[in-house]
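# Descriptive analysis of the structure
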Amino acid sequence: MAQHKIHVAVLDADIPCLSVYKARGLYSSQFRVLLQAAARRLNKNPETLQKGSLAVHVTAFDAVGGSLPPLETLRTNPQSPDEPHANGPLSPIDAILITGSASSAYDDDPWIHAMQSYIQTVHTHYPNIKLFGSCFGHQIIAQALLRTTKNTNHSPSSTFHVAHSLAGYEMGIQPITLEPSFTARFPPLARATAQNPFRIQLIHGDAVVPTPEAEAAADQAGISLPAPWSSIGSSAQCAIQGLYNPGRVLTYQGHFEFDTFVNGELAQEFGRRAGWSATLVAEYLELIYRSRIPGLDDDDDAKAAAEAVLLFFAGEDGNDGDLVGCGGISTGMITPPLD
């Protein structure tokens, strides 16, 4: 079986703090290393891959500096894996990955507005392109694609936006309960159950939540995501730990690309910028270092999370419509009924 080559455009939405950059490089470089490692692990069991062994090429784009993948470089023909594009010998871009950022998706910055518009254009006009977002990437994808406009005739029923979390920062390793209908499509995530929660590094103060107007208009059924979207799971502090639209979009609120070193350095940098007390920083670091095993890889689910993303990019996520709900996924209720 021929090798399945995947060309991923990584949009750098921030640069790491100096200590992380010196050790690991840009976020796009970190994703490249981890996705290529995930391909090597998955390729050890080629019989589980329907489209052949996987190879990953990453092209980085400085989104903050206004560099986004030209639309003519995006794949338009799913039947031609070696389809050339006009700007060079590389195969067309198959997937777009948006990194985390210290910025907020609701900030009034030109590059954020440009990215949101770009996401909308790609999702609407380039159905062969897969979209993945991590943390800020998750949030700006949600803001671009899930926020509906209230009109005079109908109250919003599925309106979501990004807002500062009233619960404050969610940090480090927190147990995340993944939806079984989601993990059923991604074998690497099969070990994540209610009794064995999903664990990747978290560092965020914003969250994807229903708008106040949607909350006010909700009935006893609560508020759910519009079909075929679903939440991949939840934690005690964050109801939407990621989004899934089969064959089109996958997001994580957490960071499979962060280990204890990266997240610990970033937490200390955020503390310096925001004036956090030494006590608070120490509390956050304790949560981050929960998964640290000296001399070994962290005890978390980052590798499985990376493999799931790569299977999604490769179209190997069991998108055959045999599961419950629209698009093969149960949308489920996101918020409980209002009192």
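Structure: see above.
In what follows, the accompanying structure is described. Source: prediction; values computed, not measured. (Residues numbered from 1 in each chain as written. Predicted model: local features only at pLDDT ≥ 70, side-chain atom pairs only at ≥ 80, totals over all residues. Heavy atoms only, no water.)

### So, the packing of helix H7 (residues 260–274) against helix H8 (residues 278–288)
Put simply, H7 and H8 touch, their axes get as near as 10 Å, and they point 165 degrees apart. For the element pair H7 / H8, the angle class is roughly antiparallel. As for how H7 packs across H8, the hand of that crossing is right-handed. Side by side, H7 and H8 meet where Thr 260, Asn 263, Gly 264, Ala 267, Gln 268 and Gly 271 of the first sit next to Val 281, Leu 285 and Ile 288 of the second. (Axes fitted to C-alpha atoms, helices over the stretch in contact; angles between N-to-C directions. Helix = DSSP H or I, 4+ residues; strand = E, 2+ residues; numbered from the N terminus. Parallel < 35°, antiparallel > 145°, perpendicular 65-115°, else oblique. Left-handed = near helix turned anticlockwise from the far one by under 90°. Contact = heavy atoms within 4.5 Å.)

### A closer look at the packing of helix H3 (residues 110–125) against helix H4 (residues 136–146)
At a closest axis distance of 9 Å, the pairing of H3 and H4 adopts a crossing angle of 65 degrees. As the angle between them shows, H3 and H4 are arranged roughly perpendicular. Crossing of H3 against H4: the hand is right-handed. In this structure, H3 contributes Trp 111, Ile 112, Met 115, Gln 116, Ile 119, Gln 120 and His 123 to the contact, and H4 contributes Phe 136, Ile 140, Ile 141, Gln 143, Ala 144 and Leu 145. Here the residues of the contact of H3 with H4 sort into 9 nonpolar, 4 polar and no charged. (Nonpolar A, V, L, I, M, F, W, Y, C, P; charged D, E, K, R; others polar.)

### Examining H4
Most of H4 sits out of view: 10 of its 11 residues are buried. When we look at burial in H4, the residues that qualify are Phe 136, Gly 137, His 138, Gln 139, Ile 140, Ile 141, Ala 142, Gln 143, Ala 144 and Leu 146. (Buried < 20%, exposed > 50% of the residue type's maximum accessible area, 1.4 Å probe, protein only.)

### A short note on the pattern of salt bridges
Going through the model one piece at a time under the given rule, you end up with 8 salt bridges. Across the pair Arg 24 and Asp 259 runs a salt bridge, and its minimum N-O distance is 2.9 Å. Taken together, the positions of Arg 24 in helix H1 (residues 18–24) and Asp 259 in the loop between strand E14 (249–252) and H7 put the pair 235 residues apart, joining distant regions of the chain. With a relative accessible area of 35%, Arg 24 lands in the partly exposed category. Asp 94 serves as the salt-bridge partner of Arg 75, at 2.4 Å between the closest nitrogen and oxygen. You can see Arg 75 sitting in the loop between strand E2 (54–62) and strand E3 (95–98) and its partner Asp 94 sitting in the loop between E2 and E3, a full 19 residues away along the chain. For Asp 94, a relative accessible area of 10% gives the class buried. Beyond isolated ion pairs, a larger network of salt bridges with shared partners links Glu 269, Arg 272 and Arg 273. (Salt bridge = Lys/Arg side-chain N within 4 Å of Asp/Glu carboxyl O.)

### Points about the environment of Thr 177
Counting through the fold element by element, Thr 177 comes out in strand E7 (residues 177–178). Linking Thr 177 and Ala 194, residues 17 residues apart in sequence, is a C-alpha distance of 5.6 Å. The contact partners of Thr 177, leaving out residues within four places of it in the chain, are Ala 194, Ile 232, Gly 233 and Ser 234.

### A short note on the environment of His 164
In this fold, His 164 is placed in strand E5 (residues 160–164). Counting along the chain gives 44 residues from His 164 to Val 208, while the straight-line C-alpha distance between them is 8.9 Å. Those residues in contact with His 164 that sit more than four places away from it in its chain are Tyr 106, Gly 205 and Asp 206. Only 3.2 Å separates the side chain of His 164 from the backbone oxygen of Gly 205, close enough to count as a polar contact. (Polar contact = N/O pair within 3.5 Å; in protein donor to acceptor, adjacent residues only side chain to side chain.)

### Some details on the nonpolar core
Within the largest apolar cluster, 40 residues are counted, with the highest numbers of intra-cluster contacts made by Val 8, Leu 250, Tyr 252, Phe 256 and Phe 313. Elements with a contribution of two residues or more to this core: strand E1 (4–12), helix H2 (27–43), E2, E3, E14 and helix H9 (302–313). The greatest single-element share of this core, amounting to 10 residues, is contributed by H9. Apart from the residues within four sequence positions on either side, Leu 250 is in contact with Leu 131, Phe 132, Gly 133, Phe 182, Ile 232, Leu 243, Tyr 244, Ala 308, Val 309 and Phe 312. Among the nonpolar cores identified, the runner-up in size contains 36 residues, and Ala 9, Leu 11, Leu 74 and Val 162 belong to it. (Core = buried A, V, L, I, M, F, W, Y, C linked by side-chain atoms within 4.5 Å.)

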